[in-house]
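# Examination of the molecular architecture
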Amino acid sequence: MGNCIVPYCDGPKNTNVRFTLPAVCFVWQSAMIILFGVFVRYNEESDAHWAEYRVKHNKTDIENDFYFRYPSFQDVHVMIFVGFGFLMTFLKRYGFGAVGFNFLIAAFGLQWALLMQGWFHFIDPVDGFIKIGVENIINADFCVAGCLIAYGALLGKVSPVQLMVLTLFGITLFAVEEFIIISLLHARDAGGSMVIHTFGAYYGLSISWVLYRPNLKDSSKLNGSVYHSDMFAMIGTLFLWMFWPSFNSAISDHGDGQHRAAINTYLSLAATVLTTFAISSLYQKHGKLDMVHIQNSTLAGGVAVGTAAEFMLMPYGSLIVGFCCGLISTLGYIYISPYMERKLKIQDTCGVHNLHAMPGVIGGIVGAITAAAASEPVYGKEGLIKTFDFEKSFANRTPAVQGGYQAAAMCVAVCFGIGGGILVGLILRMPIWGSVADDNCFEDEVYWEVPQDEEPILPVLEYNNHMATNKNAEVMETRFNVEQS
Amino acid sequence: MGNCIVPYCDGPKNTNVRFTLPAVCFVWQSAMIILFGVFVRYNEESDAHWAEYRVKHNKTDIENDFYFRYPSFQDVHVMIFVGFGFLMTFLKRYGFGAVGFNFLIAAFGLQWALLMQGWFHFIDPVDGFIKIGVENIINADFCVAGCLIAYGALLGKVSPVQLMVLTLFGITLFAVEEFIIISLLHARDAGGSMVIHTFGAYYGLSISWVLYRPNLKDSSKLNGSVYHSDMFAMIGTLFLWMFWPSFNSAISDHGDGQHRAAINTYLSLAATVLTTFAISSLYQKHGKLDMVHIQNSTLAGGVAVGTAAEFMLMPYGSLIVGFCCGLISTLGYIYISPYMERKLKIQDTCGVHNLHAMPGVIGGIVGAITAAAASEPVYGKEGLIKTFDFEKSFANRTPAVQGGYQAAAMCVAVCFGIGGGILVGLILRMPIWGSVADDNCFEDEVYWEVPQDEEPILPVLEYNNHMATNKNAEVMETRFNVEQS
Amino acid sequence: MGNCIVPYCDGPKNTNVRFTLPAVCFVWQSAMIILFGVFVRYNEESDAHWAEYRVKHNKTDIENDFYFRYPSFQDVHVMIFVGFGFLMTFLKRYGFGAVGFNFLIAAFGLQWALLMQGWFHFIDPVDGFIKIGVENIINADFCVAGCLIAYGALLGKVSPVQLMVLTLFGITLFAVEEFIIISLLHARDAGGSMVIHTFGAYYGLSISWVLYRPNLKDSSKLNGSVYHSDMFAMIGTLFLWMFWPSFNSAISDHGDGQHRAAINTYLSLAATVLTTFAISSLYQKHGKLDMVHIQNSTLAGGVAVGTAAEFMLMPYGSLIVGFCCGLISTLGYIYISPYMERKLKIQDTCGVHNLHAMPGVIGGIVGAITAAAASEPVYGKEGLIKTFDFEKSFANRTPAVQGGYQAAAMCVAVCFGIGGGILVGLILRMPIWGSVADDNCFEDEVYWEVPQDEEPILPVLEYNNHMATNKNAEVMETRFNVEQS
């Protein structure tokens, strides 16, 4: 099954990654060790000199940034590894690949992200080292999320080596895009509607477009769920849904910033659930609900409120955003995804266009409008400055101007996603990465040792071969006994 | 399968919710948006004016209530969505309904709870708005828990529209009951033994009594578990069990209150596990353990220590409570549930009577006794006032009197549960809610698009139809190959 | 199935635990209640007198130790119950035993641990009570982890009563070992590489050696996974992996200690994932990944960084530790485990030698080296004292000497594990504990009521018995319908 030479493949496929995968893992991990050795150290709050630093800055231990952000970090961490991982286990025979490759690329990506984001944002001007603390590891997880979203579009159709390459470039592009958006444009995007979701989704969709598989229908019998795989996927859905308030508030401002971001996200997600159920039922024969919608569209509200969650969006504002996104995202699964596959040649396994791209863009727009509408009576004088960080060289920026920059940031995210995706897609088309054939997608056996399923049938068959057909009832009984043992 | 017209149904059933479910979702979500727009704003700790507020009140950022309660909130959130949701997935073919409808009604319920609880407890006297913060979203999750407990009694026997109605009324009743217990009687119930568990359980049981299904045995082949569904249910059990210390401590007093509540709950739950295993083994032939007990009764200690967790119950006191509840709850599953179904006509799918009603009542009694026995030597002068909130108009209340009010609160919870349940049950008997027939309960296919199970059999059958019977071995071999592919 | 009398058993086996299991549970739980009543009280931070204590010590509520450690505690709690529990569900028919017995012994163990550790470390000199708070319940969970690791080596081969005995002695040995290592040798071991992992693993391996089952191959058809059981095991793996930073930082010093321990663990685990995938692919035919490695070896980095996580190991140091451990642990599964089973007669179901023993020893060595290399320029004067607790009677100890004591601690852990394991193994060989026969291992039906699997075949068989064989197609069709219903 590893090798397939069939007429309709675009050439013979070698899916054996026995040398490429270990080679990539060893080389990249070794490179990480060297680069970390040269560049990375603890920051003031995680270094043993904290005892002196804290006295000098008149802080108590509990004011270490660790205690502000660590609980949120752990929630984000769960979203990355269990949330994204299990969300993709809905396919009947791709659970190992979903959870396993998600695990692999996230573990690599977060190391590379610490370096890339460190070079852009966390270089200590005195000694030139990247100084890391809890905020960095949250940011690294965020950065990885972009690549995992891209994986969602490609699920079941790429090799682990391709995923490692996708992640290497994805993190790099992410860090540059983030630098432009956050540092140059001075846009705010605490929950990453633009920086993470919009970028990640378009990055994945563009790669999927470049890697278009004309004969993917040959794998169609595996491109679906079974009862238990849908249950596993709900684990992913729920952990994403529950911890999204932590995602959007993890790196917001201390105090009211984190507090408000969590509340807005909580509300937005709640509203999304109701419209998702409504549309899912409304558009099906007999009003039956579709698990694909429940697993995915219920999360759209968290994506869309990412940028504005720390602003004074107001509780009802959050509900409105969630309401619209559940609606749009579910309609996307019903109408837009089939259209994209048929007409635009974009095969989007998990529907990231509906879950991340559209809600991400909406989130960017909501953020721009909310920022432009900010005013001193609503935020307070000090609150306005703190929320939008109107300090130093940005001290004279007004909310209206900020709104414009937010909109510009949106465009940067889309461009980086599409441009980067096309570029990386072309690299991934090289025949050296161990990709599968069109008729072998969505199948764990290609890259994993898969255990035999409950094996009752084999002994029966052997038995059967030696028995006369008219002893059928007896044979069946044997089989039954085997299954019961 | 959607429509069944059979003699033993109490009339033909139309389970098509294609218009009612979307209509209810859209109307109620729109109402939420309007009501939130009119009534709900951020409180001082989540509003951007925090920067000024905190200076005025001489607080640091870390003293924002968010940092006291947010980690506990996230644990409670997991209990509501993964804990309750997966606990109910034990049925072999009702996993989608268990997790999915739990998701739907919790997401709706928490919005309505924010409003209802807000009107009773969180109106700002100055501007008349409901001001929300992290404590409110914890309380909203608590409020939802009451309705999810009620769902446990009705699992597999009601339509999603019925559940939405149940939730609307359940939250409303809960808020009134809570107002009477907490504000009027000034009873303490941080973990909600009375307010949440007793009320929720009797509410659900009463509805189940009104909706009694005489022919439910026609669905009996689906009213049980399979191996994997029991494993999914254990995910729910364990997340409830592990995070229960957070549930009982989430809204306790800052400092020792939260600390003590967590420890007491931790101990009580540990003791419950041992007596549950003991009774489960003792009452089965061959001493084999029953998963139903392990999944449910192990949690009874958390319920029963809800009221008294923040009091000076003492570590050994917590162990005693847990010891008794594991015992009583497991015996309930063995003796009381069958009796209730046979004699009292109460069909209790998940056994909420054993997991929530009895332990809830015990919790109320333990709370009353512990409160009545409180004394200054044990609590300290200031500690006694703080723990029981003997301030303002309650400054003169003594522990003994408090014990009396706690007992009164217990009765209020039971009455609201039974009275409210009967009322709402009658509403739910109206034939417009898309309920299922007696022979079609515990079946996801009624309301969900269910994927075909591992499909190897269909091709074989087609093949089989065209082949002579004496080629049976060959046919079986084909089938085997299909399954291995 | 409960009783087996077959020639190759070492005597007839009575697996009926109907009296022993309840007896043990009741007696031990009752003993716990009495001992807690006599010995255990709340400490200053969880007692209602906190209101006075905190004023006297000039602390605010947020400086209650609860807020420093409770989020980490909850993560550790998840690791113990869901992490360890689900990690062991990989066997096709031992999911109930894996999760259920894990639950039972952890719930008992933590109570006994609170007492044992309390007597050694937390006796109040004034009134003689053990005073407990959040740190105690974390330590109790840690202590339990040692026994759960031992269970990993014995999974599927012991009765619940044997496990209770194993836990009783395991906790006792642990507490003595911990007292020697932490208090007498004054070694540091915040994440428990030595105290927890090394001890636990050798304890379990030694017991397994004493309980060697020569005919275990008779159960070999159940000693493996199926597709869904591997997915359940990944839930355990991921929750262990994600929350390990909390495990290693839970009881570190406030401030930089916890902060640094979390970062080091995060990095180490990330590196482990890459080398695990690399070796797993490199050593398999066709480069296919093996789920056994992914489920287990990816965690080795967390074990190995346990001792040194709170030291100034440096980010690159953590990566190096992780790199090596992923490599060694995976090779252990490939080469050492089969060798141990064949030559040393140690049957290690979960491979705890590869996941806990070897990485634990490496962790001890890394800790000793890092401690010996500590210096004032790197730690700061105050930081050095605080990190290694060079105070009171240890004020004159130098880092080099500390390194020696760390190494000595390593040896103590190994000796206690092996010695204690052999002793307890001999006790467990007594024929009164309800152990299973060699041909009946890895099978839930021995101790659990197991639900019938999806039952479509039975009715068909009955039908089949009454039908002529040449109506086979019709029969199959009937069966198909049954399965679809």
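Data block above holds the structure.
Report on the accompanying structure. All figures in this text were calculated on a predicted structure; none of them were measured in a lab. (Residues numbered from 1 in each chain as written. Chains lettered and ligands numbered in written order. Predicted model: local features only at pLDDT ≥ 70, side-chain atom pairs only at ≥ 80, totals over all residues. Heavy atoms only, no water.)

Attention shifts here to the environment of Glu 376 of chain C. The topology assignment puts Glu 376 of chain C in helix 14 (residues 376-379). By relative accessible area, Glu 376 of chain C is classed as partly exposed at 43%. A sequence separation of 23 residues divides Glu 376 of chain C from Pro 399 of chain C, and the C-alpha atoms of the two residues are 9.7 Å apart. Beyond its immediate sequence surroundings of up to four residues, Glu 376 of chain C is in contact with His 49 of chain A together with Lys 381 and Leu 384 of chain C. (Helix = DSSP H or I, 4+ residues; strand = E, 2+ residues; numbered from the N terminus. Buried < 20%, exposed > 50% of the residue type's maximum accessible area, 1.4 Å probe, protein only. Contact = heavy atoms within 4.5 Å.)

Bringing the environment of Phe 179 of chain B into the picture now. Residue and element names in this part refer to chain B. Within the secondary structure, Phe 179 is located in helix 6 (residues 160-184). With relative accessibility at 24%, the residue Phe 179 sits in the partly exposed group. Remark: the alpha-carbon pair of Phe 179 and Gln 117, spanning 62 residues in sequence, is separated by 8.2 Å.

One pass over the full model with this rule turns up 93 aromatic pairs over all chains. Seen from their ring centres, Tyr 70 of chain B and Phe 73 of chain B are 5.7 Å apart, and the 40° between their planes marks the pair as tilted. Remark: Phe 73 of chain B and Tyr 70 of chain B occur in helix 3 (residues 65-87); sequence separation between them is three residues, near one turn of the helix. Taking the relative accessible area as the measure of exposure, Tyr 70 of chain B reaches 2% and is therefore buried. An aromatic cluster of three or more residues is present, and its members are Phe 66, Tyr 67, Tyr 70 and Phe 73 of chain A together with Phe 68 and Tyr 266 of chain C. Here Arg 93 of chain A stacks its cationic end above the ring of Tyr 227 of chain C, 4.4 Å away from the centre of that ring. (Phe/Tyr/Trp six-rings, centres within 6.5 Å; stacked < 30°, edge-to-face > 60°. Lys NZ or Arg CZ within 6 Å of the ring centre and 35° of its normal.)

This part is about the packing of helix 4 (residues 95-121) of chain A against helix 9 (residues 256-282) of chain C. Between helix 4 of chain A and helix 9 of chain C, whose axes approach to 9 Å, the crossing angle comes to 130°. Taken together, the axes of helix 4 of chain A and helix 9 of chain C lie oblique to each other. Helix 4 of chain A and helix 9 of chain C meet at a crossing whose hand is left-handed. Touching Gly 100, Phe 101, Phe 103, Leu 104, Ala 107, Phe 108, Leu 110, Gln 111 and Leu 114 of chain A of helix 4 of chain A are Tyr 266, Leu 267, Ala 270, Ala 271, Val 273, Leu 274 and Phe 277 of chain C, all from helix 9 of chain C. Each residue belonging to the contact of helix 4 of chain A with helix 9 of chain C can be placed in one class, and the counts come to 14 nonpolar, two polar and no charged. (Axes fitted to C-alpha atoms, helices over the stretch in contact; angles between N-to-C directions. Parallel < 35°, antiparallel > 145°, perpendicular 65-115°, else oblique. Left-handed = near helix turned anticlockwise from the far one by under 90°. Nonpolar A, V, L, I, M, F, W, Y, C, P; charged D, E, K, R; others polar.)

Residues and elements named next belong to chain C. Note that Asp 65 resides in helix 3 (residues 65-87). Within the local environment of Asp 65, its side chain forms a polar contact with the side chain of His 254, the two groups lying 2.7 Å apart. The residues touching Asp 65, leaving out its near neighbours within four places in the chain, are Glu 45, Val 134, Glu 135 and His 254. (Polar contact = N/O pair within 3.5 Å; in protein donor to acceptor, adjacent residues only side chain to side chain.)

What follows is about the relation of the copies chain A and chain C. Two chain copies here: they are related by a rotation about an axis and a translation along the same axis. Each copy superposes on the other: chain A lies on chain C with an RMSD of 0.0 Å after a rotation of 120° and an axial shift of 0.0 Å. The transformation relating the two chain copies, once decomposed into turn and shift, fits a three-fold axis. Among all residues of chain A, the minimum C-alpha distance to the rotation axis is found for Pro 71 of chain A, at 3.5 Å. (Least-squares fit on C-alpha atoms with pLDDT ≥ 70 in both.)

Another point: the interface of chain A and chain C. The interface of chain A with chain C comprises 91 residues on the first partner and 90 residues on the second. Taken together, the two surfaces of chain A and chain C that pack against each other cover about 7,700 Å², and 70% of this comes from carbon and sulfur. The largest contributions to the chain A side of the interface with chain C come from Phe 26, Tyr 42 and Phe 103 of chain A, which together make up 10% of the buried area. The interface formed by chain A and chain C includes zero salt bridges. Across the contact surface, chain A and chain C share 22 residue pairs in polar contact (both at pLDDT 80 or more). Every element with two or more residues in the side of chain A that touches chain C is listed here: helix 1 (20-39), strand 3 (40-42), helix 2 (50-56), helix 3 (65-87), helix 4, helix 5 (134-154), helix 8 (227-249) and helix 18 (472-484) of chain A. Per-element tally for the side of chain A that touches chain C: the top contributor is helix 4 of chain A, with 12 residues. Looking at the side of chain A that touches chain C residue by residue, the classes come out as 50 nonpolar, 23 polar and 18 charged. (Buried area = accessible area lost by both parts, 1.4 Å probe. Salt bridge = Lys/Arg side-chain N within 4 Å of Asp/Glu carboxyl O.)

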